[in-house]
Structure formats: structure tokens, C-alpha cells
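Below, each chain spelled out in residue letters.
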Amino acid sequence: MGNFVHLIGRICNDLEIKETSNGKSYVNFTLAVSNGKDNPSDFIPCTLWNKGAEIFTQFTGKGGLVSVSGKLHITSVEKDGKKTNYTNVLVSDFEFLQSKPTGSVGKTQETPVKAPNKQIDAPVESEYDIPFEM
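Residues numbered from 1 in each chain as written. Predicted model: local features only at pLDDT ≥ 70, side-chain atom pairs only at ≥ 80, totals over all residues. Heavy atoms only, no water.

Colleague: What is the right way to look at helix α1 (residues 50–59) in this model?
Modeller: Residues spaced three or four apart along an α-helix point in a common direction, a consequence of the helix completing one turn every 3.6 residues. For α1, every residue scored as buried is listed here: Asn50, Gly52, Ala53, Ile55, Phe56 and Thr57. Among the structural elements, β1 (5–11), β3 (25–33), β4 (42–49), β5 (65–79) and β6 (82–96) are those in contact with the buried residues of α1. (Buried < 20%, exposed > 50% of the residue type's maximum accessible area, 1.4 Å probe, protein only. Helix = DSSP H or I, 4+ residues; strand = E, 2+ residues; numbered from the N terminus. Contact = heavy atoms within 4.5 Å.)

As C-alpha cells, this is what we get:
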């Protein structure tokens, strides 16, 4: 089937749209994905590009429950002779599973909100356009 990831979890950080040097907008976020009652959650870094990033930040935020699908992307960076691999999900589709968080834990509605039913702008394939915060 190829490289495909589907995750459901809560957004761990405040969302902020940024731009690459060539003017492409993106948002980085971390998704906390539960592993069950007795296991700790996994924290998965995700990136969403262009119009999808704008829609995502407009309708959800920190603490929001979302479903994301996309491609697992691994980038190798060499710094001071040491090679480090970074893994994140390049999101191509998403669905809001509750309304936008209000800022108080436990005060969100569990009403699914469907994202537009079309392919989100395709992620940039060049390693040089992938934003990483080190």
C-alpha cells in the first residue's frame, strides 16, 4: 500500500502559521496519540501546508481532538559531524472531531466537524522546504 499514516489525537501546542523563505505557509504541531489505558501517549510531530494550514488553525487549537492522514517523512540532518534523523507526518487530509477548544479543559463539545472534502494542497517534496525547529 505504501507510506500512509492515519492518527487520532489531541493537539499539544498552540498553532502558529509560518512561512518558508519562498512564501509557502505551514503549521507545525504535535499530536498526542493514546496507546491505551496502561501505556503512555506517543507525541507525533506533524506539518500541514498552504490552505490546509490556514483552515486547520482557524477551526482548532491546543487540546483539539483531530484525525489526520498523510505521509510519514524522515529527514536526516548532519550538524557538527553528527547525523540526526527527524520523523514527522506530512498531513494531506484531516477531520476535526470536536469544536474549537475554548481554552478551558473539559469545556469543548464533542461534535465532529468535517474538513473540506478535497485534497489539501500537496506537501512540498523538497527536503529544503521542510521546516524543523531545532
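Further notes follow.
Colleague: Looking at this model, I keep getting lost on the packing of aromatic side chains. Mind explaining?
Modeller: For any pair of aromatic rings, the description consists of the separation of the ring centres together with the inter-plane angle of the planes. Inspection of the entire model under this criterion finds 6 aromatic pairs. Pairing phenylalanine 56 with phenylalanine 94 gives two aromatic rings, centres 5.1 Å apart and planes at 80°, and the pair type is edge-to-face. Here the residue phenylalanine 56 occupies a position in helix α1, and phenylalanine 94 occupies one in strand β6, the gap between them amounting to 38 residues. Phenylalanine 94 matches phenylalanine 56 in its accessibility class, with the two residues each being buried. Here the aromatic cluster, defined as three or more aromatic residues joined through ring pairs, consists of Phe29, Phe56, Phe59, Phe94 and Phe96. (Phe/Tyr/Trp six-rings, centres within 6.5 Å; stacked < 30°, edge-to-face > 60°.)

Colleague: Explanation requested: the environment of asparagine 22 in the structure shown.
Modeller: Relative to the elements of secondary structure, asparagine 22 occurs in the loop between β2 (18–19) and β3. On the basis of relative accessibility, which here comes to 46%, the residue asparagine 22 falls in the partly exposed class. Within the structure, asparagine 22 has its side chain in polar contact with the side chain of threonine 20 (distance 2.3 Å). (Polar contact = N/O pair within 3.5 Å; in protein donor to acceptor, adjacent residues only side chain to side chain.)

Colleague: Where do I start with the confidence of the model for the protein in this structure?
Modeller: Interpretation of this model should avoid reading the predicted coordinates in detail wherever pLDDT is low. Within the protein, residue pLDDT values average 82, and 72% of them lie at 70 or more. In the model, residues 105–114 has pLDDT below 50 throughout and makes 23 contacts with residues more than four positions away in sequence or in other chains. Contacts for the low-pLDDT stretch residues 116–120, under 50 throughout, to residues beyond four places or in other chains number 8 contacts. (pLDDT = per-residue confidence, 0-100.)

Colleague: Explain the pattern of salt bridges to me, please; I cannot follow it from the model alone.
Modeller: A pair can form between side chains of opposite charge whenever their charged atoms are brought close. All told, the structure shown has 1 salt bridge when counted by the stated rule. The residue lysine 51 makes a salt bridge to glutamate 54 at a minimum N-O spacing of 3.9 Å. Within this pair, lysine 51 and its partner glutamate 54 are both found in helix α1, separated by 3 residues, close to a single helical turn. (Salt bridge = Lys/Arg side-chain N within 4 Å of Asp/Glu carboxyl O.)

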